[in-house]
Amino acid sequence: MKTVIPLDDAGADLATVGGKGASLAALARAGLPVPGGFHVTTEAYRAFVADFREDILAAAAAGDADRIAALFAGREIPDPITAAIRAAYAALGDDVPVAVRSSATAEDLPGMSFAGQQDTFLNVTGDGLLDAVRNCWASLWNARAIAYRDQNGVPHDDVALAVVVQELVDADAAGVMFTADPVTGARDRTVINASWGLGESVVGGGVTPDTVVVSGGAVVEERTGDKRVMTVRVPGGTREEPVPGDLRRVPVLTGTQALALAELGARVQALYGSPTDVEWVRRDGDFSVVQARPITGSGPRVEEWNDSLKGDYLWTSGNLGEAVPDVMTPVTWSFVRLFIKEAMSASALPGFDLVGNIGGRFYMNLSVVISIARAFGVRSALAAIEQVFGRLPAGLEVPPLEMSRLRIIRTVLPMSVHIRRKVRTNLKGMRPFLATSLERCEELRATIRSTSLASELAGLWPQAVEPHLVTACRMLEAAGRQGGSTLVLTRARLRKLAGETDAEAILTGAGGEGELASLGLLTGLGRLATGEITRETFARLYGHRGPHEFEVSIPRPGEDPAWIDAQLAGLRDVRADAEGLLARQRKAREEAWARFAQRHPRREAAMRARVERWAEVVRDREATRSEVIRAFWVLRDFVLRAGELTGHGDDLFHLYLDELLAVLGGDAAPLERVPVRRATYEMYAALPPYPTLIVGRFDPVRWAADPGRRADVYDARGAVLPAVDTVTGFPGAPGVVEGIARVIARPEDGGQLRPGEILVTTLTNVGWTPLFPRVAAVVTDVGAPLSHASIVARELGIPAVVGTGNATMRVRDGDRIRVDGARGTVELVGHP
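Throughout, residues of each chain are indexed from 1 in the direction in which the sequence is written. For this predicted model, a pLDDT threshold of at least 70 governs which residues receive local features, and a threshold of 80 or more governs which side-chain atom pairs are given and counted, while totals over whole chains, interfaces and linings are taken from all residues. Where side-chain values are given, they derive from all heavy atoms of the structure, hydrogens and water being excluded.

Draft legend 1. Representation of the sheet that holds strand β18 (residues 713-715) in the model. Strands sit in the order β15-β16-β14-β17-β18 across an open sheet of 5 strands; the sheet is mixed. Each having just a single partner strand, β15 (355-358) and β18 make up the two edges of the open sheet. Put simply, the sheet's adjacent strands are angled 25 degrees from each other on average, direction ignored. In terms of strand pairing, strand β14 (residues 314-316) meets strand β17 (residues 693-695) through 3 bridges, oriented antiparallel. Within β17, the position partnered with T316 by the bridge is L693. Note on definitions: a residue-residue contact is assigned when non-hydrogen atoms from the two residues lie within 4.5 Å. Where helices are involved, their axes are fitted lines through C-alpha atoms of the stretch in contact, as for all axes, and angles between N-to-C directions lie from 0 to 180°. In DSSP terms, a helix is any run of H or I states spanning at least four residues, a strand is any run of E spanning at least two, and both are numbered starting from the N terminus. In the packing of helix α11 (residues 330-343) onto the sheet, the strands contacted are β15 and β16 (361-365), and the crossing angle to β15 comes to about 160 degrees. Paired strands, in this sense, are two strands between which DSSP finds at least two bridges.

Written out as structure tokens, the structure reads:
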């Protein structure tokens, strides 16, 4: 029985030394620069666990990783194995610092990467080596490794663990190299990540490294990361220390060194015969390979959709991100960018992107908005930003724009004057637009359907379709800006005079004698359910609104009879219909006004006028937003008809607008990009929703693979905000309710929600509205006082807490919770 063998031993195969060990042995035998060392084989592991193997398997089946850890800790390594390890270590030199790495037999296999599932120990010396070996063995049975094997169908009784012991290179720099682009799969690009120190901070994702891309024997891209921390040697192990200020923004690699690394990567790839992931270290200008594995999961080639790579900004998916919750197809992103350009020109700043596409999802650049507010020293503007986009966590430092305060002011002031004039002009046309938008959209859709030539359809875009979309967006901008700070300040003033509960009651009824557009889908379904309107009328008036209303590749409710049937079935199972809830809230509003008049008789008239102005702004904003969405239905019909006329069907959703128009003009070249675009879309759509707040450069794929990922905030600078155990947010709508929490990710899963339960979800939009009458309360991760959940819950008198940031992380499905909508708190009462 060989329990210890040399690093480059010819018998160092997968069964004997595990995946990592076999790889390092092959590299060493090929003459590649690999630090010296030896293997502690799987035979040594099996001899150690022989007496308690059945106990391990029983504990693994029960998911009791702590029990297994205790079994390993309570046993000594047999003397013959101890002697062999000590002899091999002594042959390296006197008290040489080593890296002790786990190497499982189910590791680095084709199609699977078990990277990070077992443990590694650095800077181990002397007697600490035996403890490190035993701890590596035990890590085969930690909770992560057990769960990963279960998920990948690897039987527990088939695995064993070897240990690789190598001289520790006291590296001044280290990182990871991919011999094919890990995002796009392009094999003509070598991507190198580099940072200062030993490299654990890079591998573990704790630092934003430099990125260098080599292609065709030249450096073609360079991004210098903000390298805040580095892993360094200390007696008995390692620790992370701040990178000296003069090195943080200094490139780790020279161009010559990057090319040398790429050549080293090419040698490793040639040995494997496929693209590889190479961990490297540098000491005094010399490079060594400390690990290499085939790149797993390399499906079809994809693109990278990631505007977070453009700079160090704070991005949020709050507010508009609630209305655009899906991964967007390319043509939808084209339409959304046009929407933003016309509807949010007031928040733009030349030279900086106001919105971004991060992994296919919509984000707004809060660094732009906050930098403008700070430049003008407007504290109320900062408060307004939170009212609209949600609260920022305490301690989160917002990256400023690299633009002086004076330059911001000089740029924004002339734009503000122009925008005010534009808003005044557009407001004059808003009422006529709202009165005719429905008929105009019907005309456009009919014209689109009647086109018989691709060239004819292409001509409709600049002649009719684009002008209507632009007009709709400008009307929304005018509606939202007509009241200045009315939306924010009225609510704050009223809460101060009337108290939180009465203020929220007074602010209901924003629809006045008409119908608030946010509630249109719900009231329309009610009218349909009672026979007041037909399905055709419902589709015509309300069928453009839904949970995915910006994504043009998804059918509208008005096109989907099954969606309508599902909602009608739900209405038969609610605790109160919408009309009943609205009537109850009208009574609460009248009683609140009576109390206000009694307390502040001289202020009642002025406050009523102010609230009516507030309600008018809300009505106009919601009505114009609804018409923008109706225009997006026109856009959907435009793309569908383009697919019919060209014979390329839904492939056209995976083109950008200019490409789609080119195809309509007879250019087939853009269609070559469709397979890659479709694969990219499917890759991002398979990932969980990203954090609400993102600071700096963000990798959606790497984040999704992290079992410790957070859904509230990601900070690439390495700053780790404390995870908060309590669940608090904005008071959305007052009232105290205790009940069963139902955690739901999508409105399509609304059938799980029983009458009287509490809806807990990431965010809501208009498409969630039909669920509201059946819930006792609403709790969201994302949101603010002016978000959809707040407005609809307030109108219906349903307690709500929005913008908690962590409700879906802290509340489990079936928990009993208490929601206080006035205080903005959620308390756990008990687990199921």
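Draft legend 2. A look at the sheet that holds strand β3 (residues 98-104). A sheet is described by the order of its strands in space; here 5 strands give the open sequence β1-β2-β5-β3-β4, paired in antiparallel fashion. Single-partner strands in this sheet number two, and they are β1 (4-6) and β4 (120-124). Direction aside, neighbouring strands of the sheet carry axes that sit 20 degrees apart on average. Taken together, the 7 bridges between β3 and strand β5 (residues 161-167) define a ladder with antiparallel strand orientation. The residue of β5 that forms the bridge with V100 is V165.

Draft legend 3. Main features of the packing of helix α14 (residues 405-450) against helix α22 (residues 604-646). In contact at an axis separation of 9 Å, α14 and α22 are set at 10 degrees when each is read in the N-to-C sense. Comparing the axis directions of α14 and α22 gives the class roughly parallel. Contacts between α14 and α22 involve M430, R431, F433, L434, S437, L438, C441, L444, R445, I448 and R449 on the former and, on the latter, E616, D620, A623, T624, E627, R630, A631, W633, V634, D637, F638 and R641. Roughly parallel refers to an angle under 35 degrees, roughly antiparallel to one over 145, roughly perpendicular to one between 65 and 115, and oblique to any angle outside these ranges.

Draft legend 4. Broad picture of the pairing of strand β12 (residues 276-283). Along β12, 7 of the 8 residues are buried, which leaves the element largely enclosed by surrounding structure. Summarising the sheet, β12 and strand β13 (residues 286-294) pair through 8 bridges and their orientation is antiparallel. Paired with R282 across the two strands is F287, which belongs to β13. With antiparallel pairing between neighbouring strands as the criterion, β12 and β13 make up a hairpin whose turn holds 2 residues, including D284 at a positive phi of roughly 50 degrees. Only protein chains enter the calculation, and the probe is 1.4 Å; a residue is then buried if its accessible area is under 20% of its type maximum, exposed if over 50%, and partly exposed in between.

Draft legend 5. Region of interest: the environment of G732. By secondary structure assignment, the location of G732 is in strand β20 (residues 730-733). With a relative accessible area of 0%, G732 lands in the buried category. If sequence neighbours within four positions are ignored, G732 has contacts with E504, S790, R794, A800, V801 and G821.

Draft legend 6. Spatial organisation of the state of the cysteines. In this description, a disulfide is simply a cysteine sulfur pair whose atoms lie within 2.5 Å. Tallied over the full model, the rule gives 0 disulfides. Here C473 is not cross-linked by a disulfide; its sulfur's nearest cysteine counterpart is in C441, at 11 Å. Overall, C473 belongs to the buried group, its relative accessible area being 1%.

Draft legend 7. Spatial organisation of the packing of aromatic side chains. Here a Phe, Tyr or Trp ring, Trp counted by its six-membered ring, pairs with any other such ring whose centre lies within 6.5 Å, and the pair is stacked when the planes are under 30 degrees apart, edge-to-face when over 60, and tilted otherwise. Under the definition given, this model contains 20 aromatic pairs. Relative to F596, the ring of W593 has its centre 5.7 Å away and its plane inclined at 80 degrees; by these criteria the two rings are edge-to-face. One end of the pair is W593 and the other is F596, both in helix α21 (residues 578-599) and 3 residues apart, which spans about a single turn. Of the two residues examined, W593 and F596, each falls in the buried class. Here the aromatic residues F335, F339, W461, F550, F632 and F638 are joined through ring pairs into a cluster of three or more. The side chain of R75 reaches across the aromatic face of F52, ending 4.2 Å from its centre. Geometrically, a charge over a ring is one whose NZ (Lys) or CZ (Arg) sits within 6 Å of the ring centre while staying within 35 degrees of the ring normal. A cation over a ring is seen here: R709 above W703, with NZ or CZ 5.4 Å from the ring centre.

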